[in-house]
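The primary structure of each chain is shown beneath.
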Amino acid sequence: MKFGPVATRDAEGSLIAHTVRLADGALKKGHSLTREDLARLAAAGVEEVIVARLDPADCHEDEAAGILANAGDGGGVTLDPPFTGRVNFHAGSDGVLVVDRQAIDAVNRVDPAITLATLPEFARVTRGRMVATAKIIPFAVSRKLVEKAADLARGAVRVAPFRPRPVGLVATTLPHLKASVLDKTRRITEARLSVSGSCLRGELRVAHEATPTARAIQSSIADGAEMVLVFGASAIVDGNDVIPSAIEQAGGRIIHFGMPVDPGNLLLVGEVDGIPVIGAPGCARSPKENGFDWVLDRLMADCPVTASDIAGMGVGGLLMEIGTRPQPRETSPAPARPRKIEGILLAAGQSRRAGDINKLLATMDGKPLVRIAAEAALASRLSQLTVVTGHMRAEIEGALSGLRLRFAHNADYMEGMASSIRCGVNALDPGVDAAMILLADMPGVDAGAIDTILTAFSPEQGITIALASVGGKRGNPVVWDRSFFEALARLEGDTGARHLIGEHGASARPVEIGEIARLDLDTPEALAAAGAVAAPTS
């Protein structure tokens with residue numbers, strides 16, 4: 001590939017290296033220049049452009065990314081269409097990400113132009129979550145190198161789906177152990193199992209002795225349990241302690257005791273008649289992440305856990321630091337911080353469908369539509385409101401004078417809605433938990449409707465997108481968890497973020513708010529029907 005400046009007249013068929021904005025529209029980075037494009041550039045007085053010229057042996061960035069991603073697909077994932085040299089992998093189901101580290105490292109050593117990145121090995125993922133991305137850095141790369149990387153990447157990324165199963169719970173008791181502790185342990189264990197769709201087959205509480213514990217393990221398996229979790233009244237401190245002895249008495253074997261993950265050190269993995277039996281560490285009585293979760297997730301996704309696997313968990317295995325270890329003391333939890341959700345009001349468009357008026361400045365009952373939308377957002381539970389301006393910036397800002405909000409000007413507003421979303425997301429406060437994207441031409445969306453959607457947003461329940469709907473059809477506004485900010489900041493075109501909702505449907509909760517969810521005032525007819533008085537553009 002040849003890269004550099006050339007005379008505009010000689011650039012036909014080349015890929016333009018940087019976006020060039022013209023009065024009649026932009027020529028975007030990576031666009032293949034046509035004869036008509038050259039005429040537009042010349043008319044604008046652009047005599048030289050920086051371009052990339054592909055050699056016959058080169059592979060275009062999108063084709064190269066597609067080849068690499070398709071090779072790396074080991075199953076259980078879906079692939080986005082190639083775009084700007086990138087293909088994103090998404091989990092096809094809830095499960096565990098399994099990657100071939102050696103293969104991925106080898107791919108990334110082929111050439112700096114070719115990259116393949118993933119989430120951490122064995123990360124727990126939900127359906128639709130982005131788990132990996134194949135990215136070609138320049139506009140093109142040698143086809144020979146792409147093919148070499150693809151050979152190395154074969155099946156390197158897959159999602160192992162969770163397989164729901166019945167689980168037996170055995171809890172040993174001692175006089176000092178309160179029944180309330182056992183009850184809490186059961187509740188927390190049930191919540192952990194629900195992540196994989198599994199459930200407790202039953203719970204057996206027995207004395208903290210090897211023989212009754214062994215009988216309880218055998219009974220759980222006979223009752224149909226496909227995994228047995230054993231919570232000891234006293235921690236396992238040796239390979240000959242009560243719980244490992246019970247597993248052996250039950251006819252099983254110990255796979256590994258102890259792990260280099262903290263909290264979680266005192267975990268034991270064994271099996272009886274091919275059924276996994278886990279001696280849970282004391283920290284597994286808490287819902288906080290610990291080494292028990294790492295092992296449980298893998299087993300629920302039918303990924304073997306060997307002694308060697310556990311020994312390899314040390315890097316990254318320090319999950320938290322408690323100054324009082326080795327004898328931590330329970331403290332009262334700090335009060336939960338109120339969730340911070342900011343609003344982004346899109347008010348940058350040119351109102352092309354409205355003819356020679358700016359619909360956002362049209363008035364209803366003497367008030368501009370953009371002000372109606374802003375006041376509704378400010379009256380809701382949103383913590384802050386950012387208005388994205390573009391076309392007729394001064395007039396829009398004037399229509400919002402006196403309101404306590406902030407502005408973010410989108411100089412690229414002619415590129416479409418995506419550019420305004422990018423601008424709004426980049427203007428959010430660093431500590432924000434989520435953002436609601438609102439449209440300024442929907443006067444029916446009042447503070448009550450906004451708060452109803454905010455209430456439905458619940459990341460702790462897996463609801464990371466909440467959106468207005470009517471009759472089962474998607475509408476606006478939409479709340480996005482901060483985990484989507486990176487994807488929103490990369491949007492292109494004029495279609496907004498609808499495809500992200502489709503890709504993450506399992507995490508999205510529609511909220512029925514009636515016709516106002518889809519009623520926007522795009523045309524002169526719609527404005528007139530709503531009783532709006534048009535304001536001319538300048």
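Notes on the structure follow.

Procedures and definitions
- Residues numbered from 1 in each chain as written.
- Predicted model: local features only at pLDDT ≥ 70, side-chain atom pairs only at ≥ 80, totals over all residues.
- Heavy atoms only, no water.
- Phe/Tyr/Trp six-rings, centres within 6.5 Å; stacked < 30°, edge-to-face > 60°.
- Helix = DSSP H or I, 4+ residues; strand = E, 2+ residues; numbered from the N terminus.
- Buried < 20%, exposed > 50% of the residue type's maximum accessible area, 1.4 Å probe, protein only.
- Lys NZ or Arg CZ within 6 Å of the ring centre and 35° of its normal.
- Axes fitted to C-alpha atoms, helices over the stretch in contact; angles between N-to-C directions.
- Parallel < 35°, antiparallel > 145°, perpendicular 65-115°, else oblique.
- Left-handed = near helix turned anticlockwise from the far one by under 90°.
- Contact = heavy atoms within 4.5 Å.
- Nonpolar A, V, L, I, M, F, W, Y, C, P; charged D, E, K, R; others polar.
- Pairing = 2+ DSSP bridges.

### Digging into the packing of aromatic side chains
All chains considered together, the criterion is met by two aromatic pairs. With a centroid separation of 6.2 Å and 65° between ring planes, the pair formed by Phe231 and Phe292 is classed as edge-to-face. Separated by 61 residues along the polypeptide, Phe231 in strand S17 (residues 228-231) and Phe292 in helix H8 (residues 291-300) bring together distant segments of the chain. Its relative accessible area of 1% is what places Phe292 among the buried residues. When the ring of Trp480 is compared with that of Phe484, the centres are 5.4 Å apart and the planes differ by 70°; the resulting orientation is edge-to-face. Like Phe484, Trp480 is buried. Here the guanidinium or amino end of Arg298 rests over the ring plane of Phe122, the centre of that ring lying 3.6 Å away.

### Things to note about the packing of helix H6 (residues 210-222) against helix H7 (residues 242-249)
As a packed pair, H6 and H7 sit with axes 8 Å apart at the nearest point and diverge in direction by 55°. Here H6 is positioned oblique relative to H7, judged by the angle of their axes. Note that H6 runs across H7; the crossing there is right-handed. For the pair H6 and H7, contact is made by Ala210, Thr211, Thr213, Ala214, Ile217 and Gln218 and by Val242, Ser245, Ala246, Ile247 and Gln249, respectively. Tallied by class, residues from the contact of H6 with H7 come to six nonpolar, five polar and no charged.

### Overview of the pairing of strand S20 (residues 275-280)
Counting buried positions over the six residues of S20 gives five, a clear majority of the element. As paired strands, S17 and S20 are joined by four bridges and run parallel to one another. In the sheet register, Val228 faces S20, and the bridge partner there is Val277. Relative to S20, strand S19 (residues 268-272) runs antiparallel, the two sharing five bridges.

### Here we look at the packing of helix H2 (residues 61-72) against helix H4 (residues 143-153)
One way to put it is that H2 packs onto H4 with a least axis distance of 8 Å and a crossing angle of 15°. Here H2 is positioned roughly parallel relative to H4, judged by the angle of their axes. With respect to the hand of their crossing, H2 and H4 are arranged in right-handed fashion. Seen from H2, the contacting residues are Glu63, Ala64, Ile67, Leu68, Ala71 and Gly72; seen from H4, they are Arg143, Val146, Ala149, Ala150 and Ala153. Here the residues of the contact of H2 with H4 sort into eight nonpolar, one polar and two charged.

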